[in-house]
Amino acid sequence: MRPSLLPAAALDIEHLKYLLPETPAFVYDEARIIHTLDRLDRVRKASGLRVLYSVKAFPFAGALRLIRSRVDGFSVSSLFEARLASEMVETIDRPHAKRSLHITTPGLRSSEIDEIATLCDFISFNSLEQFERLAPRVAGQASIGLRINPKLSFLRDSRYDPCRPHSKLGIPVEELTRTLDRSPTLTSRIAGLHFHTAFESSSLAPLKATIARIENLLGRFTNGLEWINLGGGYLFDNPNDLDELSELVTALIQRYDSNIYIEPGKAIVGRAGYLVASVVDRFERDGKAIAVLDTGVNHLPEVFEYQKVPPLAEHRPDGSFEYSLVGSTCLAGDVFGDYRFHAPLNLGDRVSFPNVGAYSLIKANRFNGYDLPAIFAADRQGQLKAMKHFGYDDYRKQWLPDEGSLATAPDRD
Ligand SMILES: *Cc1c(COP(=O)(O)O)cnc(C)c1O
């Protein structure tokens, strides 16, 4: 077997990047995605777990097509995600295979709920108010659940903590217990419970603690639940995680006789994605060598949001040439960080940021008029496939009014 056929191995991006016809380029590794889904598939078979892919991490239809036959469905956060995911489900080559679409969002709109109910077969309402207002309109069409908030924080940075004080995400379990005590018949209108409390967690401990807390507080109401959705936010990157997950799910299914779902996003696509960029300028400032790239933090917005230094495939800790890699835009803080190399960087040299498959392209923008990265897939033989190219037409379409063109639109004052 050639090394590129070994799915667990990381893509040889330092070789592959020079085969790309253009940069900046976003490359996703199909073998890596399939490898992760195969690992989860073993848990599905061993425990009965159902796996949904959380579309928002990377909604590219090329990837959805690859993922769809290896999961039990998709989880979505909006009407547009629901439409895109449902197109993927409908065109599936095995029409009778059961695939489901699950939605939860604080932003459910009354004007969209009818269409959402035709697309999604599971809706988890985010507040009791949302539930009372909109659930009657979807009854009989979608299975109705509630997103609960266990109020158990595992994150130090409250910006990413769904359980922070005053969180908008889910019904606080204690509030739900009080409501159920007052109106016990409510349970007959609820088929499932949903929660999502973790973010980039490398351990399943938060999940165990969350389940314990929910059972403790809601235990007497959980009989007869048809499904429980454990959310996403776990990376499953330790070999033991999947055994633990399998045990946990087996026990839950035994206790509640319910279907158990997880909906990972980053775990499936995160490590599969690379951003490749070229050096377009080089100079020294205040004693530091600067290399300007044909990308920027507008293509990896989490670098700026979290003020993180992203890993770089070419970084050599013992290299004697240090550069600050910066982006092309006018933003002074459009900086990736300082990296070391064995040789000086030259114009046209390419560098690659690994592990950026999730939450990068979907949040990317064309700030300063710089184009979005072209999208390439590396197939299981390690061959590159050009999947999508953006250009000036896309930029122009975005910024032109609906009617008229640059030449004919009348001036208004
Ligand atoms: C974002 C999100 C997910 C996926 O999270 P990952 O961190 O990508 O695994 C799943 N469920 C809900 C409700 C989410 O908001």
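Residues numbered from 1 in each chain as written. Predicted model: local features only at pLDDT ≥ 70, side-chain atom pairs only at ≥ 80, totals over all residues. Heavy atoms only, no water.

Some thoughts on the site of the ligand
As a reminder, the rule being used: To be near a molecule or strand, a residue needs just one of its heavy atoms within 4 Å of it. Side-chain atoms alone can form a polar contact between residues adjacent in sequence; in general such a contact is a pair of N or O atoms within 3.5 Å, and within protein one must be able to donate a hydrogen while the other accepts it. Per-residue accessibility takes into account occlusion by the displayed protein chains alone, with areas from the Shrake-Rupley method and a 1.4 Å probe. By the convention adopted, Pro, Cys, Tyr, Trp, Phe, Met, Ile, Leu, Val and Ala count as nonpolar, Lys, Arg, Asp and Glu as charged, and the other residues, Gly among them, as polar.
In the vicinity of the ligand there are 13 residues, among which Lys56, Gly233, Glu263, Lys266 and Tyr359 approach most closely. Residue histidine 196 places a side-chain N or O atom 3.5 Å away from a nitrogen atom belonging to the ligand. Glutamate 263 has a polar side-chain atom sitting 2.7 Å from a nitrogen atom of the ligand. Protein burial of the ligand: of its 380 Å² of free accessible surface, 88% is covered by the chains. Considering only residue class, the shell around the ligand consists of 2 nonpolar, 7 polar and 4 charged.

A look at the domain arrangement of the protein chain
Spelled out, the test is: What fixes the domain bounds is an automatic or database domain assignment. Residues are treated as being in contact if the distance between any of their heavy atoms lies within 4.5 Å. Each of two parts loses accessible area, computed with a 1.4 Å probe, when they are put together; buried area is these two losses added. What counts as a salt bridge is simple: a side-chain nitrogen of Lys or Arg found within 4 Å of a carboxyl oxygen of Asp or Glu. Per the convention used, a helix needs a DSSP run of H or I reaching at least four residues, while a strand needs a run of E reaching at least two, with both numbered from the N terminus.
If you check the domain split of the protein chain, you get domain 1 (13-27 + 270-396) and domain 2 (30-269). Placing the centre of domain 1 and that of domain 2 at their C-alpha centroids yields a distance of 33 Å. Each partner contributes residues to the interface: domain 1 has 21 residues there, and domain 2 has 20 residues. Here domain 1 meets domain 2 over a buried area of about 1,800 Å², counting both sides, of which 59% is carbon and sulfur. One salt bridge connects glutamate 30 with lysine 385, and the closest N-O pair in it is separated by 3.1 Å. Where domain 1 packs against domain 2, one counts 8 residue pairs in polar contact (both at pLDDT 80 or more). Listed by contribution, the elements that provide at least two residues to the side of domain 1 that touches domain 2 are helix H11 (301-306), strand S16 (374-378) and strand S17 (384-388). Each residue belonging to the side of domain 1 that touches domain 2 can be placed in one class, and the counts come to 11 nonpolar, 3 polar and 7 charged.

Side note on the packing of helix H2 (residues 30-47) against helix H9 (residues 239-256)
Applicable threshold: Axis lines are fitted through C-alpha atoms, for helices just across the contact stretch, and the angle between N-to-C directions can take any value from 0 to 180 degrees. In these notes the angle categories are as follows: under 35 degrees is roughly parallel, over 145 is roughly antiparallel, 65 to 115 is roughly perpendicular, and the rest is oblique. Left-handed describes a crossing whose near helix is turned anticlockwise from the far helix through less than a right angle; right-handed describes the clockwise counterpart.
Running from N to C, H2 and H9 point in directions that differ by 30 degrees, and their axes come no closer than 9 Å. By the angle between their axes, H2 is roughly parallel relative to H9. The way H2 lies across H9 gives a crossing that is right-handed. Only Pro239, Leu242, Leu245, Ser246, Val249, Thr250 and Ile253 of H9 make contact with H2, whose side of the interface consists of Arg39, Leu40, Val43, Ala46 and Ser47. Each residue belonging to the contact of H2 with H9 can be placed in one class, and the counts come to 8 nonpolar, 3 polar and 1 charged.

Section: the environment of histidine 102
Residue placement: histidine 102 occurs in strand S4 (residues 100-104). Separated by 80 residues in the primary sequence, histidine 102 and glutamate 22 place their C-alpha atoms 37 Å from one another. Leave out the neighbours within four places in its chain, and histidine 102 touches Leu52, Phe74, Ser75, Val76, Phe122, Asn229 and Tyr261.

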